[in-house]
Structure formats: structure tokens, C-alpha cells
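Chains, contacts and geometry: an overview
One letter stands for each residue in the lines below.
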Amino acid sequence: MTFEPEELGQTRTDLAERLRELRKAAGLTGDRLAKRCNMSQSQISKFETGKRTPSLVDVERILRAIGAPPELMTEVTALARIANTQWEDKRSSRRRGLEKRQTELAALEAEATTLRYFLPAMVTGLLATPEYVRASLSGFPGDVSKTVARKLERQSVLYDTSKSFTFLLTEQAVNWAIVPPAAMAVQIDRLVSLSRLPNVRMGVITLGTLIPHGPMNTFTVYDDRLATVENFTGRMVFRDSRDIAEHLEVFRLFEAHALFQDVARQQLFEWAELYRA
């Protein structure tokens, strides 16, 4: 099954209706199905009314409980996978306001304890200097001062030692010059400084490192419950455990080829010196 991004919201409604139809066709009440699945009746009700989106595991348990044939299992689990994926286009995000987006990111960062960032193209806002942040927003219309301030406020989460952060940056990400050379040197110096925080791991992947996988896009994994993927036109949010596991696998692949600690800091220092020169 294939879906267009704009269909994702409707897919959640379709899944709820499909689950309700299948339960009734099997001649089961919500309570009886709940007992077969070892779930609560209210949980089944929320799935069927669309108040809560079931995970793939939940859907598979329900389908097994009603004795669904293999072709039906394939159809409905495909629907469930899409229902657990959210598309946020940048046009909609801009209409809602850049500051609201910062609030949403802050909430994700507050809820998570283990955060992993794969950065193949640019430095992320959590690691950026004020000048770098402002330059990264230069393409947005209007006054972005409040958004810059909000981005910088979010950086305080790095000092929360109850959380752990791993940042993987390619050489391109570190050196992508969106500010003048002197400011780029300061930006790289900041990476060195933040790498010394006890709960921050700063990994650097240099050009020429042999890795059998291309750096397709920026992504972030929050604990093992949510992954976000960014591209030019928007952002995908994955909540299905299998999608999250795949992103963690990719992250570990790149992590295994990254430089860390003093070796990474020495490389960063050399790049900063090139900008200072």
C-alpha cells in the first residue's frame, strides 16, 4: 500500500474504522476482544474511535485475536504503519509560527532522556552560536528575533545531567559556512566546548571515512519511542517501533565510524584554525 503525505491524517481515521468493522464481523464485543488481547476495554474503544492510534504490535495482537487471514494481516498492518507516521510540511509549520515549532521541540527534549542526533548537513540549533542561529533563519520573512531567543533558550537542556545526548556530525555539517570565517571558527570552538559536558558525546565523521551507507538525511531519535526525519519540504515523525529501531540501527552504524573525545576535539580544533587562518 502507498499513501500520499496529505492522506496520513485520514489514514488514522481509516484504521480506527477498519478495526471496528473487523471486530464486529468477528462477532466480538469490545470487552471480549480486549480479554483476548490482554488489553483493557477502554483501550480497544480508544483505538476504534480514533482517540488513540494503536502501534503495529497492538494491531497485530488484535488481528490474531480475531483470526485474520494473512492477506488481511498484510493490508491492515500496512495501514497501521502509515497511521503511526506523521507528515509536517514546512508551509504549515511557518503558518503556525516558528516559535510554536520551538515550543514543540522543547517539549520533545524535555520528555526524552536519551537523545541522538544525526547531522550530515548543518549544525543543529542546540549546538549553534547566536550568529549561526540567526544566519540559519535568514531565509524566513519578518522579524525572527523571538525565534532566535527561543532556540538559544532551548540549549539549557544540554546542562540537564539526567539526560544524555549523542551528536554525530559529518565534516560537511561542521564546515558548512553559513556565517563568515571568523564566526565559523567560533561555532566550531563551541562544539569543542560542549563536547566536554559529562552528558554530551560529540562524534565527528571525516570525509574519506569508508562507510557502506550514505548519509541520506538529518534525523533525531528520542529514547526508543519517536524519530523525526527532516528534508527540504518538511518533517516526518515516526512512532512505530520498527521504524524507530531502523533509525537506531543506522545511527549505530555511523556512530561506529565517528571520532570522539580528544581525537574529535583535535580534528575540530584543526578545522577552526583553518577558518581563523
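What comes next concerns the included structure.

About the cut-offs
Residues numbered from 1 in each chain as written. Predicted model: local features only at pLDDT ≥ 70, side-chain atom pairs only at ≥ 80, totals over all residues. Heavy atoms only, no water. Salt bridge = Lys/Arg side-chain N within 4 Å of Asp/Glu carboxyl O. Helix = DSSP H or I, 4+ residues; strand = E, 2+ residues; numbered from the N terminus. Buried < 20%, exposed > 50% of the residue type's maximum accessible area, 1.4 Å probe, protein only. Axes fitted to C-alpha atoms, helices over the stretch in contact; angles between N-to-C directions. Parallel < 35°, antiparallel > 145°, perpendicular 65-115°, else oblique. Left-handed = near helix turned anticlockwise from the far one by under 90°. Contact = heavy atoms within 4.5 Å. Nonpolar A, V, L, I, M, F, W, Y, C, P; charged D, E, K, R; others polar. Pairing = 2+ DSSP bridges.

Section: the pattern of salt bridges
Following the criterion strictly, the structure yields 14 salt bridges and no others. Residue Arg154 pairs with Glu109 through a salt bridge whose shortest N-O separation is 2.5 Å. Here Glu109 lies in helix α7 (residues 98-111) and Arg154 lies in helix α9 (residues 145-154), a separation of 45 residues in the sequence. Each of the two residues, Arg154 as well as Glu109, counts as buried. Connected through shared salt-bridge partners, Arg18, Glu21 and Glu75 make up one network.

As for the packing of helix α11 (residues 181-194) against helix α13 (residues 261-276)
What describes two packed helices is the angle between their axes and the distance between those same axes. Direction vectors running N to C along α11 and α13 enclose 165°, while the axes themselves pass 8 Å from each other. The angle between the axes of α11 and α13 places the two elements in the roughly antiparallel class. With respect to the hand of their crossing, α11 and α13 are arranged in left-handed fashion. Side by side, α11 and α13 meet where Pro181, Met184, Ala185, Ile188, Asp189, Leu191 and Val192 of the first sit next to Arg265, Leu268, Phe269, Trp271, Ala272, Tyr275 and Arg276 of the second. A class-by-class count of the residues in the contact of α11 with α13 yields eleven nonpolar, no polar and three charged.

Notes on the pairing of strand β7 (residues 234-238)
Two faces make up the sheet, and in a regular strand the side chains alternate between them. β7 sits mainly inside the fold: four of its five residues count as buried. Two strands pair when backbone bridges link them, and strand β1 (residues 85-89) and β7 are joined in this way by five bridges, in the antiparallel orientation. Counterpart to Gln86 in the pairing with β7 is Val237. Here strand β6 (residues 226-230) pairs with β7 via four bridges, running antiparallel. Bridged to Glu230 within β7 is Arg235. Linking β6 to β7, which pair antiparallel, is a turn of three residues.

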